[in-house]
Amino acid sequence: MTNEAGIQPIRGTRGANDPGPRNQILDLQNPDVFIPPETDNGSLPNLKFPFALAHNRLEDGGWAREVTLREFPASKSMAGVNMRLGPGVVRELHWHKEAEWAYILQGTARLTVVDPDGNLSIDDLKPGDMWLVPSGIPHSIQGMEDGTEFLLVFDDGNFSENETLLITEYMAHTPPSVLAKNFGVDAEHFANIPKSEKYIFRQPVPQPLEVVRSQLPDSPPPQPYVVHASKIEPTKYSGGTVKTVDSRTFPVTNLSALIIEIEPGGMREMHWHPDADEWQYYIEGEARMTVFDATSKARTFNYRAGDVGFVPKTLGHYIENIGSTPVRVVNVFNSRLCTDISLNQWLALTPPELVRGHLNLDDTVMKALRPGVRAVVR
Ligand code: MN
Ligand code: MN
């Protein structure tokens, strides 16, 4: 690739060619960063971090990588993990201080959870299904015959997947005499427990769900920790679809989510969220987003599969499909309910003379203002 190939940082009379050195692959993936729209202004923090730049932890039969506050300083309120578990491979029994929201990307994952009242949940989740494990609640994850890949979102940017409370470490760091007393058996029976974490490790693919469930008490938690969201029909709009999963349909969750599909030419309309930050994961397609903040700050970013985006609470934004294939993006909010303010609806419900007085809009624009949820437009 020569320095003359690809895009150049020229917009009208502004800019000049870039003779190099330059990373042309990144330039081509981030055209709105390399050649920002004229409307961009001022300094906003970076609001994109690709999982492809996150350290990948390769383990026995799986891997895990994380985008936390350390990788992505803007995302103070939430952190994300992308994990792969091969057939039978287990993410060790553990718990953590943060709540864990999950979205299955590939294959089948088996989740086990036990609650404080002795209720238990064992379920198999398919792509599009979700779980929410509250703070402090113990759980494990296992890949089924087809293995699994999934996304985890935690309600604190300081979370680290490498610093969870693990069953192996808890046992290894308790005096054997205490283990003996706790379980009512002699200490020698604990001679073979692991000295350190197993974290991710191979096991045989477990028995079918009905078999495993039949071996344990039939005592499901009163509010399920899983939601088979793959079976929920999305709401259709002119430019795509939106599936909402929040505490109205998934009472246990303290993190709400939108699964958005934007057709080529479509756009998630201009809006903001009055009470929540938005953590984004792009599943497919090519998109751009401009984020607006006071005073006069605006910055545009490009996103594609595997990228994480972030929008701080109350900042204006849209997500535009700039490719020729659908954009699919997951939005996770650190609030129990999904709420947003639509720019179009706000103006439509404001006295027209007041709107005209501010913006000098002509009749065509004034007639285009209408209340109601539009969500994804074209
Ligand atoms: Mn966990
Ligand atoms: Mn949003």
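Predicted model only: the values in this text are computed from it and were never measured. (Residues numbered from 1 in each chain as written. Chains lettered and ligands numbered in written order. Predicted model: local features only at pLDDT ≥ 70, side-chain atom pairs only at ≥ 80, totals over all residues. Heavy atoms only, no water.)

*Asks:* So what exactly am I meant to see when it comes to the coordination of the manganese ion (ligand 2) here?
*Replies:* Octahedral metal centres with six donors ideally show angles of 90 or 180 degrees, and tetrahedral centres with four donors ideally show 109.5 degrees. The manganese ion (ligand 2) binds to the protein through His271 (NE2), His273 (NE2), Glu278 (OE) and His317 (NE2); the donor distances cover 2.0 to 2.2 Å. Read in sequence order, the donor residues coordinating the manganese ion (ligand 2) give the pattern H-x1-H-x4-E-x38-H. In this pair, His273 is assigned in the loop between strand 18 (267-272) and strand 19 (278-284) and His317 in strand 23 (residues 316-321), connecting sequence segments 44 residues apart. Accessibility assignment for this pair places His273 and His317 in one class, buried. (Donors = N, O, S within 2.8 Å, 3.2 Å for Na, K, Ca; no water. Helix = DSSP H or I, 4+ residues; strand = E, 2+ residues; numbered from the N terminus. Buried < 20%, exposed > 50% of the residue type's maximum accessible area, 1.4 Å probe, protein only.)

*Asks:* Can you walk me through the pairing of strand 23 in this structure?
*Replies:* Most of strand 23 is tucked away, with five of its six residues classed as buried. Pairing between strand 18 and strand 23: three bridges, direction antiparallel. Paired with His271 across the strands is His317, a residue of strand 23. With four bridges joining them, strand 20 (residues 287-293) and strand 23 adopt antiparallel strand pairing. Counted as the bridge partner of Phe292 is Gly316 from strand 23. (Pairing = 2+ DSSP bridges.)

*Asks:* I tried to follow the packing of aromatic side chains on my own but got confused; where do I start?
*Replies:* For any pair of aromatic rings, the description consists of the separation of the ring centres together with the inter-plane angle of the planes. Overall, the coordinates contain 11 aromatic pairs when judged by the stated rule. Ring geometry for Tyr282 versus Tyr303: centroids 4.7 Å apart, planes at 10°, classification stacked. With Tyr282 in strand 19 and Tyr303 in strand 21 (residues 297-303), this residue pair connects regions lying 21 residues apart in the sequence. Tyr303 gets classed as buried once you look at its relative accessible area, which sits at 2%. By the ring-pair criterion, three or more aromatic residues cluster together here, those being Phe49, Phe72 and Phe310. If you follow Lys48 out to its NZ or CZ, it ends over the ring of Tyr303, 6.0 Å from the centre. Stacked on the ring of Tyr199, the Lys or Arg Arg57 has its end atom at 3.8 Å from the ring centre. (Phe/Tyr/Trp six-rings, centres within 6.5 Å; stacked < 30°, edge-to-face > 60°. Lys NZ or Arg CZ within 6 Å of the ring centre and 35° of its normal.)

*Asks:* Would you take a moment to explain unusual backbone geometry for this structure?
*Replies:* Most peptide bonds adopt trans geometry, and most residues besides glycine take a negative phi value. In this structure, the amide linkage connecting Gly20 to the following residue, Pro21, adopts the cis form with an omega of 0°. Relative to the helices and strands, Pro21 resides in the loop between strand 2 (14-15) and helix 1 (24-29). Even without a glycine there, the phi angle at Ser296 is positive, about 65°. Of note in the backbone geometry, Thr314 takes a positive phi value of approximately 75° without being a glycine. Relative to the elements of secondary structure, Thr314 occurs in the loop between strand 22 (307-311) and strand 23.

*Asks:* What should I look at first to understand the pattern of salt bridges in this one?
*Replies:* Between side chains of opposite charge, a pair can form when the charged atoms approach closely. The final tally for this structure, using the stated rule, is 16 salt bridges. Here Arg57 makes a salt bridge to Glu197, at a shortest N to O gap of 2.5 Å. Taken together, the residues span a long stretch of sequence, with Arg57 in strand 4 (residues 56-59) and Glu197 in the loop between helix 4 (176-183) and strand 13 (200-201) at a distance of 140 residues. Looking at Glu197, the relative accessible area reads 28%, which means it is partly exposed. Residue Arg268 is joined to Asp340 by a salt bridge in which the shortest nitrogen-to-oxygen separation is 2.9 Å. A residue pair is termed long-range when its members are at least 10 positions apart, and Arg268 in strand 18 and Asp340 in the loop between strand 24 (327-333) and strand 25 (341-342) qualify at 72 residues. On the accessibility criterion, Arg268 (3% relative accessible area) is buried. Look at Asp340 and you get partly exposed, because its relative accessible area is 35%. A single network of salt bridges, built from pairs that share partners, joins Asp32, Arg288 and Glu320. (Salt bridge = Lys/Arg side-chain N within 4 Å of Asp/Glu carboxyl O.)

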